[in-house]
Amino acid sequence: MARNKELNEQMRKKSQDKLIHVAQTMFAKKGYYNCKVSDIAREAGMSTGNAYWYYSSKEEILKEILSQGFKKQEDLLNKGTTYTEPLKERLNRIVDEYIVFCKENSDFFTILLAVLSHDGEEFLNKLGFDMKQISLTYHETLLKVLSPYHTYGNETMISEEFQPTFFFSFFLSLFLSYRNDWHSIPEQLIREGVLKLLGFNDISEYT
């Protein structure tokens, strides 16, 4: 009996994951407001009733997608606070990993930006997301990641307080300006752009 219960849970999780994956792809391509739960269910190969059994509404599906995206980003930033490589390698690694994260989660960012532009933070607040607190958490965590570099006395470095804002704004601008076409931009150019914006014009100084 225990084995059957465990198997049922595994099958349920697999179906939920597939539903979320399909919904995320559809929301990013067609727009959240242009999709119906029945469309998502059909694309996922299940009945509409089954889809509603997993999630009570389209808003609940969106909430799960955004929750996963916010959590992945938070985990990535927290991981950056534990790196122990030499300064130059560490900073390059942090930027490179965020570039990869943005590319692998481009659908999440596309959906988030579209929802924000359509209904603003008020709608996300209704879903249970305190965007001010989420942004503050990201800001404070990235400050911890970058804090070792603030002791090197670079006179050209921008104010420490604004570095997280510039960091996140750079990547959001890529999404807004180029959509997913920014994936074709060489990572080296993106990395150099981020470091220059943050004030690390010559990374060789930080070895």
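Keep in mind that this is a model prediction, so the values were computed, not measured.

The next point concerns the packing of helix α6 (residues 106-126) against helix α8 (residues 163-178). Two elements in contact, α6 and α8, have axes separated by 11 Å at closest approach and are oriented at 80°. On the basis of the axis angle, α6 is roughly perpendicular to α8. Counted together, S106, F109 and L113 of α6 and L172, F175 and L176 of α8 form the full contact between these two elements. Grouping the amino acids of the contact of α6 with α8 by side-chain chemistry returns five nonpolar, one polar and no charged.

A word on the layout of surface pockets. The calculated volume of the largest pocket comes to roughly 440 Å³. Taken together, 19 residues form the lining of the largest pocket, with M131, S135, Y138, F168 and L172 sitting closest to its centre. Contributing elements (two or more residues each) for the lining of the largest pocket: α4 (58-80), α6, α7 (131-146) and α8. Broken down by element, the lining of the largest pocket gets its largest block of residues, six residues, from α8. Here the residues of the lining of the largest pocket sort into 13 nonpolar, five polar and one charged.

Glancing now at empty space enclosed by the protein. One pass over the full model with this rule turns up one cavity of 30 Å³ or more. In this structure, the largest cavity spans a volume of roughly 80 Å³. Of all the secondary-structure elements, those providing two or more residues to the lining of the largest cavity are α4, α5 (87-104) and α7. Across the lining of the largest cavity, the residue classes break down as eight nonpolar, one polar and one charged.

Parameters and conventions
Residues numbered from 1 in each chain as written. Predicted model: local features only at pLDDT ≥ 70, side-chain atom pairs only at ≥ 80, totals over all residues. Heavy atoms only, no water. Axes fitted to C-alpha atoms, helices over the stretch in contact; angles between N-to-C directions. Helix = DSSP H or I, 4+ residues; strand = E, 2+ residues; numbered from the N terminus. Parallel < 35°, antiparallel > 145°, perpendicular 65-115°, else oblique. Contact = heavy atoms within 4.5 Å. Nonpolar A, V, L, I, M, F, W, Y, C, P; charged D, E, K, R; others polar. 1 Å grid on protein atoms, 1.4 Å probe; cavity = no way out; pocket = protein on both sides within 12 Å on 5 of 7 lines; lining within 4 Å. Points joined across faces, edges and corners; volume = space filled by probe spheres on them.

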